Structures are given as structure tokens and as C-alpha cells.
Amino acid sequence: MSEATTGRLLFEKKKFFPLQDVDEPILFREQFPYTEIPKLLFDGETPELNPASDIFITDTTFRDGQQARPPYTVKQIVDIYKMLHRLGGPNGVVRQSEFFLYSKKDKESVEKCLELNYDFPEVTGWIRANKEDLKLVKAMGLRETGILTSVSDYHIFLKMGMTRRQAMESYLSIVDAAIELGIRPRCHFEDVTRADVYGFCVPFAIELVKRYRKSGIPVKIRLCDTMGFGVSYPNAVLPRSVPKLVSAFLTDVGLPFRMLEWHGHNDFCHVHANAMAAWLYGCAAVNTSVLGIGERTGNPPIEAAIMEYIELKGHTDEIDTTVISEIAEYYETEIGYNIPKHQPFVGEDFNITRAGIHLDGLQKDEEIYNIFDTASILNRPVGIAITDKSGASGIAHWLNSYLELEPRSRIDKRHPGIIKINEWIQKEYEEGRITSISHEELLEQSVRYLPEYFDIDTEYIQKAARRLMSDTIQKLVANEDIISMDAARQEKILETLFKENPFAQLAVIADKDGNKNTDIFIRSGKISPDDEAKLDKNYSKRAWFVIPLENEHMHITSIFKSKLTELLGVTVSAPIVKDGAVMGVLRIDCKYEDLMKAGRDEMKIDF
């Protein structure tokens, strides 16, 4: 038996639920005392699970979503709409998207989205309950529109100043007008979780079903949990129980599943659970917004509904889940919206692990601590944030992931370079650091302690050294004290070199035969005899000495590891010329990390 036939038979067998046109508003003070936190009441009645065979998602990003932030531009609306189309796939899992129709920008957005000629999501409207607004829907050529039909006495009595009968008659007149125009009405039962379900909502809904049976035009009902009072508990009492609410419209109204929709808000942090309860108890549609952005605390996030849909169905139904990450990136980069870092599926840190014990598990097998294959499903590889709690396991995992090493080639957490990096990190936090270690810093330390794993961009580093040290070294070799080749005079200059040149780490002068003419200086002063014993006694075969001596130009070496400091660096050297003859060579060493930091905007290594 078809759903339509089932709905008709149910409708014909229904009890009689007349409108209860009360004199005073019913505000359910036992549940909503206002001066206190709302109360949850329970009874012994529990409706049965009754999911629709065809469930789907609708979108309110351009309606409710725009009530929570500065309006989107036309381009942004069109771009997001295109992504919603790709996200929902060819089977229309994201079936409809609703739009405002009032301003010039609203209309232009609708027109441009309609021009795309997508089957899904269908462009629908939203209007107030008056016939003038209905003309806007007709003029735009839309086949369906939402209509604001508030159902709680808070709205009917306190906001609109009407009786229940007056409100119902007003709503029905606009529904009749929509049907006459061939437009599908979608009645938004605003504030349904504070409404008298059997005194107003069910009688009103029965009148809507009568119109559907007579005209053949579906009259949809959207259950709007305007204040987020709904709960997913089936044994809670009306009007707060989402299962009981949905069941009432299906069993006591006879509404077909496909004509019932849920729209929630997150005021009490129930928004996703309530939407899923609505699906499980019979709503065909849940209304969502991108990133959950909506009035006050927001709506069900579409990305969460997509995941739940796949879980319930057991297959993707050709949904493109990677679009979720594209949407998140678009909001961050194009719109300038700051997504909370820990927001599920879309936040920068949603699949980032910090705890050392978890990182050790990730190093062994990613599946232990990642919710699913985020790399293939969301195009978001599992990540880690390195702190003093990460340990060697975390550092090794970060580096193996960055280098994309196969299991047999992975760097072990006991590697001496990993131990050195961990020591550096611990020192950072011992000195008062409170932020996590950035990827740039990790890369710098990895290149420093594990250079064999990196194809270091020598050309870039040399260019940075030339830019930063050229003027300095040329001025020094033109200094009369340096030209004198008098060791005492030269050493006075070298002693002051480091104060004025933050990139310099070591300096020495050799005579024309390659012998050391001065002591070797580092930032703390002359090196110790023990350190000097580690170094060459004559430089006549070293490139930094030979090349400037022969061609009389400044020279910059490739990256090397210092015997003295065990740091990566480059040497900048230049000839000392007197009366046209080369008398010696000045050498200045620069640390690799300093050069990389100073010129990071030119860096060719991809972080």
C-alpha cells in the first residue's frame, strides 16, 4: 500500500479534534516557569519508532542562516548553493533550499540560482502570512514557499493579539490563496514546542490535510522548535517531546511522512539529537543550515545531518562528503567567518590529537584514534598538535605524516633527531610557553635535526643570506681595520659584529694562504680551545675561502651542518682587498632557521 493511500485511510479513521478556542493563553507554566530553568516532565507513554522510507535534508542557510550574521553577497549565495548541489549529489539528499524574497539582492540571488537549472536543491521561498507576500513567490516562478504560521499561544495571544480561531482562519486563507496559484504551501508551525498540540496544532493540521486531499497540492508542515525547548526523549510530555510531536501529526492527523519536516534551534544544545529523533519517528525532512549558523544558537548543522543520513542509510547515496571541507574553507577564506576550531567535521582541530598516549596509538595505527578515514571522506588527513604532552611519539607521527612515509620507512620515535626535537619542545614550555608548537617551527627543527629527510631549497636560503648579509659583509671588508690584516684590530671589529647583525653566528678571518688570522668568534665571544680543536687549522681547500680568493667576489655556500654548533647554516664570505691584491677572506656563518624565518614569505617548502 502506498504512503498516500495509507495517509488517506489514517486520515479517514481519525478521532475528532476540534479547535479549542480558549479565552486565555495556555503557557504551560509547569514546564516553562520563565523565572526558572524550564522543567522536563515525563509520562508512561512512548511512541514507536516509525522512520519514513525516504528521508532527506532541506536547507535554510539563506533564510534562517542570514538572520544570524551579516547578509551574504549574491556571489556568496550562488557559490554556496552550488556547493550544496554537489554535496547532496544527484539523488537530491539535499532536496530544497529556502530563500528570502524581499530585497533586490534576495531576488537577484534567487534568479541566479534558478538559472543554474539544478533539480536539487529546489529553490523555495519564505514569506509572512499575507497575500501580498505571496505575489512575490508567484513573480519569482517558485513552486513552493514557506509561510510563517505561528502556533503557540505565546505568539497568537501575546505577539499577534489574536484568538486561536482568528489565527487559524488567517493562516488558512493564505494557504487557500497559495493553492489557487498552484504554489505548494509549507506551513511553518512556529514555536510548536510551547504550543497546545491537541488544542490548536492538530486541529489546524487536519484542516491543511483536507485542503491537500481536495486539491492534490501537498500542504507541508514544518515543525519549528523556535526556542530549542524540544527534547529527543520519547517518554517526555508534550509539547517538548519530539517523538510525541511527530507521532501526533502522523497518527492523529494522518499527514504523509513526506509532508512533515523538522526545524530546530540549539538553545539547550539538543539541536542535532532532536533532528535525528524527528527522522526516527517519522519526519521525512530535517531542515538544516551550513555550519549550523542560524538565529541565536543556530540550526542543525547540515554537515552533521549528512553524516547521520549515511549512518542511517548504510551508504552514501552518491553524497560528496569532501564538499563539507570545501564549504568550511570557503567560509574561512572567502567570507571571513571564524569556524570554532573544535566544531565537528569542519573545525580546524576537529581531528587533531594532542595527548601523548593517543599520539602513540596514532603512530601505530591511525584508526585507533581517528573517527573514520577523514583523509578520503572529508579530504582532511588526521592531524596532531604538538605540545609538551605530545612526547616523541607525537613528533614522529607529525613528521611521518608530513613526509608521507610508508610504514616500512617511518621514522621511529627513538631516532636521535626526534629526541633532540622533543628536548627543544620541553625547553620551550619550561621557559613559560603556553601555545602549541606551530607546523613552521616543527619543520625548522626537523630540517635542523633530520636534514637527510629533506630536499632543502638551497637556492632560497642562499638568496635570503645574500639579501640579509650582502651590505654587512661588503662594508666590513672595506673597513680600514679589516684591510690592515692586523689581527688585534680585526678582532675588535669582529667582537662588535654580532650586536649589529642578528643573523651572524660565527666570524673569522683567514690570510691569503688560508691560515687563521684571527680567533674564531661566536655570539658569546671567542670559542674555547676545546671547540677550536674540532675545526680545521687551514682553510686553503675550503670553498668559502678558495672561491672569493680566486674571483674576488662574495660567495655563499650550500647548506652545511656546523662541526662546532651542530646546526644547519650557510657561510657568507668575501675577499679582503688592498691595493688590488687579495690579502685574506672574511667568513660569516648564518644559522639556517634564522634565514628561513626572515624570508618565510619567499619560502618554497610547502608547510
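Structure's up top.
Residues numbered from 1 in each chain as written. Predicted model: local features only at pLDDT ≥ 70, side-chain atom pairs only at ≥ 80, totals over all residues. Heavy atoms only, no water.

**Q** What exactly am I supposed to notice about the overall build of the protein here?
**A** Counting its secondary structure elements, the protein contains 22 helices and 17 strands. Relative to its length of 607 residues, the protein is extended, with a C-alpha radius of gyration of 36 Å against a globular reference of 25 Å. For the C-alpha atoms alone, the extent of the protein along its principal axes is close to 110 × 50 × 50 Å. Among the 607 residues that make up the protein, the fraction classed as buried is 54%. Contacts spanning at least 24 positions in sequence make up 70% of the contacts within the protein whose residues lie at least 6 apart. For the protein, the exposed surface amounts to about 27,600 Å²; the carbon and sulfur share of it is 50%. (Helix = DSSP H or I, 4+ residues; strand = E, 2+ residues; numbered from the N terminus. Rg over C-alpha atoms; globule rule 2.2 N^0.38 Å. Buried < 20%, exposed > 50% of the residue type's maximum accessible area, 1.4 Å probe, protein only. Contact = heavy atoms within 4.5 Å. Areas by Shrake-Rupley, 256 points an atom, 1.4 Å probe, with all protein chains shown as cover.)

**Q** So what exactly am I meant to see when it comes to the packing of aromatic side chains here?
**A** Two aromatic rings are characterised by how far apart their centres lie and by the angle between their planes. Throughout the structure, instances matching the rule amount to 20 aromatic pairs. An aromatic cluster of at least three residues, connected via ring pairs, comprises Phe-62, Tyr-72, Tyr-81, Phe-99, Tyr-118, Tyr-331 and Tyr-337. Taking the ring centre of Phe-56 as reference, the NZ or CZ of Arg-95 above it sits at 4.1 Å. A cation over an aromatic ring shows up here: Arg-194 above the ring of Tyr-154, its NZ or CZ 3.8 Å from the ring centre. (Phe/Tyr/Trp six-rings, centres within 6.5 Å; stacked < 30°, edge-to-face > 60°. Lys NZ or Arg CZ within 6 Å of the ring centre and 35° of its normal.)

**Q** How do you make sense of the pattern of salt bridges when you look at a structure like this?
**A** Side chains that carry opposite charge are capable of pairing whenever their charged atoms lie near each other. Summed over all chains, the structure comprises 34 salt bridges. In this structure, Arg-95 engages Asp-54 in a salt bridge whose closest nitrogen and oxygen atoms are separated by 3.0 Å. Separated by 41 residues along the polypeptide, Arg-95 in strand β2 (residues 94-99) and Asp-54 in the loop between α1 (3-12) and β1 (56-59) bring together distant segments of the chain. When its relative accessible area of 21% is taken as the criterion, Arg-95 is described as partly exposed. With its nearest N and O atoms 2.7 Å apart, the salt bridge here joins Asp-412 to Arg-414. For Arg-414, a relative accessible area of 66% puts it in the exposed group. Salt bridges here are not isolated pairs; linked through shared partners, they connect Arg-63, Glu-98, Glu-122, Arg-143, Glu-144, Arg-184, Arg-186, Lys-220, Arg-222 and Glu-261. (Salt bridge = Lys/Arg side-chain N within 4 Å of Asp/Glu carboxyl O.)

**Q** Hey, could you run me through the state of the cysteines in this one?
**A** In a disulfide, the sulfur atoms of two cysteines are held together by a covalent bond. Evaluated as defined, the whole model comprises zero disulfides. In this structure Cys-187 is not part of a disulfide, and its nearest cysteine sulfur, from Cys-224, lies 10 Å away. With relative accessibility at 0%, the residue Cys-187 sits in the buried group. (Disulfide = S-S within 2.5 Å.)

**Q** Just checking my understanding: could you explain the sheet that holds strand β5 (residues 184-190) for this structure?
**A** The pairing of strands in a sheet comes from backbone hydrogen bonds and takes either a parallel or an antiparallel form. Reading around the barrel, the eight strands line up as β1-β2-β3-β4-β5-β6-β7-β8 and close back on themselves, with parallel pairing between neighbours. For this sheet, the mean inter-axis angle between neighbouring strands, taken without regard to orientation, is 30 degrees. As defined by bridge partners, strand β7 (residues 260-263) adjoins strand β8 (residues 285-288) across three bridges and the pair is classed as parallel. Note that in β8 the partner of Trp-262 across the bridge is Val-286. (Pairing = 2+ DSSP bridges. Axes fitted to C-alpha atoms, helices over the stretch in contact; angles between N-to-C directions.)

**Q** What exactly am I supposed to notice about helix α21 (residues 543-551) here?
**A** Every buried residue of α21 is listed here: Trp-544, Phe-545 and Pro-548. Buried residues in α21, looked at end-on, bunch into an arc of 100 degrees, giving them a common side. In the core, the buried residues of α21 are packed alongside β11 (504-511), β14 (555-556), β16 (568-578) and β17 (581-591). Positive backbone phi, approximately 60 degrees, marks Glu-552, located one or two places after α21. (Arc of directions from axis to C-beta.)

**Q** Sorry if this is basic, but what is going on with the nonpolar core here?
**A** As a rule of thumb, soluble globular proteins bury nonpolar side chains together. Grouped together as the largest cluster of nonpolar side chains are 105 residues, with contacts concentrated most on Ile-80, Phe-189, Phe-249, Ile-306 and Tyr-331. For this core, the element with the most residues is helix α7 (residues 197-215), which contributes 10 residues. With residues near it in sequence (within four places) discarded, Phe-249 still touches Phe-189, Cys-201, Ala-205, Ile-221, Leu-223, Gly-254, Leu-255 and Leu-260. Residues Ile-384, Leu-403, Leu-450 and Ala-504 belong to the second largest nonpolar core, which totals 53 residues. (Core = buried A, V, L, I, M, F, W, Y, C linked by side-chain atoms within 4.5 Å.)

**Q** I'm lost on the side chain of Ser-390 in this one. Help?
**A** Checked against the element boundaries, Ser-390 lands in the loop between β10 (383-384) and α14 (391-403). Since its relative accessible area comes to 2%, Ser-390 is described here as buried. Polar contacts involving the side chain of Ser-390 include one to the main-chain amide nitrogen of Thr-387, which spans 2.8 Å. (Polar contact = N/O pair within 3.5 Å; in protein donor to acceptor, adjacent residues only side chain to side chain.)

**Q** What should I look at first to understand unusual backbone geometry in this one?
**A** Most peptide bonds take the trans form, and the phi angle of most residues other than glycine is negative. In this chain, Phe-120 is followed by Pro-121 through a cis amide linkage whose omega measures -10 degrees. Of note, Pro-121 is situated in the loop between α3 (104-115) and β3 (122-127). Note that the residue after Leu-238, namely Pro-239, is joined by a cis bond; omega there is 5 degrees. Position of Pro-239 relative to the elements: it lies in the loop between β6 (220-224) and α8 (242-252). In this structure, Cys-269 takes a positive phi of about 65 degrees despite not being glycine. By the secondary structure assignment, Cys-269 is in the loop between β7 and α9 (271-281).

**Q** Could you clarify how one ought to interpret a negative patch on the surface in this entry?
**A** Together, Asp-21, Asp-23, Glu-24 and Glu-169 line one region of the surface with negative charge. Relative to the helices and strands, Asp-23 resides in the loop between α1 and β1. Accessibility expressed as a relative area gives 72% for Asp-23, which makes it exposed. (Patch = residues over 30% accessible without salt bridge, like charges linked within 9 Å, V, L, I, M, F, W, Y side chains within 5 Å. Lys, Arg positive; Asp, Glu negative; His and termini not counted. Charge placed at Lys NZ, Arg CZ, Asp CG, Glu CD.)

**Q** It is not clear to me how the pairing of β3 should be interpreted in this structure. Could you clarify?
**A** By the criterion of burial, β3 is predominantly enclosed, with six of the six residues buried. On β3, burial covers both faces: Glu-122, Thr-124 and Trp-126 on one face and Val-123, Gly-125 and Ile-127 on the other are all buried. One ladder, built from four bridges, connects β2 with β3; its direction is parallel. What sits directly across from Phe-99, in β3, is Gly-125. In this fold, the crossover linking β2 to β3 by way of α3 has right-handed handedness. Relative to strand β4 (residues 144-150), β3 runs parallel, the two sharing three bridges. Note on β4: the bridge partner recorded for Ile-127 is Ile-147. Each parallel crossover has a hand, and for β3 linked through helix α4 (residues 131-140) to β4 it is right-handed. (Right-handed = clockwise from strand over helix to strand, strands pointing away.)

**Q** Would you take a moment to explain the pairing of β6 for this structure?
**A** Side-chain direction in a regular strand flips from residue to residue, so the side chains alternate between the two faces of the sheet. With five of its five residues buried, β6 lies for the most part within the structure. Side chains of β6 alternate between two faces, with Lys-220, Arg-222 and Cys-224 and Ile-221 and Leu-223 buried alike. Taken together, β5, α7 and β6 form a β-α-β motif whose crossover is right-handed. The sheet contact formed by β6 and β7 spans four bridges and is parallel.

**Q** Sorry if this is basic, but what is going on with the packing of helix α6 (residues 164-180) against α7 here?
**A** Helices that pack against each other are described as a pair by the angle of their axes relative to one another and the distance between those axes. One way to put it is that α6 packs onto α7 with a least axis distance of 11 Å and a crossing angle of 20 degrees. Judged by the inter-axis angle, α6 sits roughly parallel to α7. The chirality of how α6 crosses α7 is right-handed. On the side of α6, the interface is formed by Arg-164, Ala-167, Met-168, Tyr-171, Leu-172, Val-175, Asp-176 and Ile-179, while α7 contributes Gly-199, Phe-200, Pro-203, Phe-204, Glu-207, Leu-208, Arg-211 and Ser-215. (Parallel < 35°, antiparallel > 145°, perpendicular 65-115°, else oblique. Left-handed = near helix turned anticlockwise from the far one by under 90°.)

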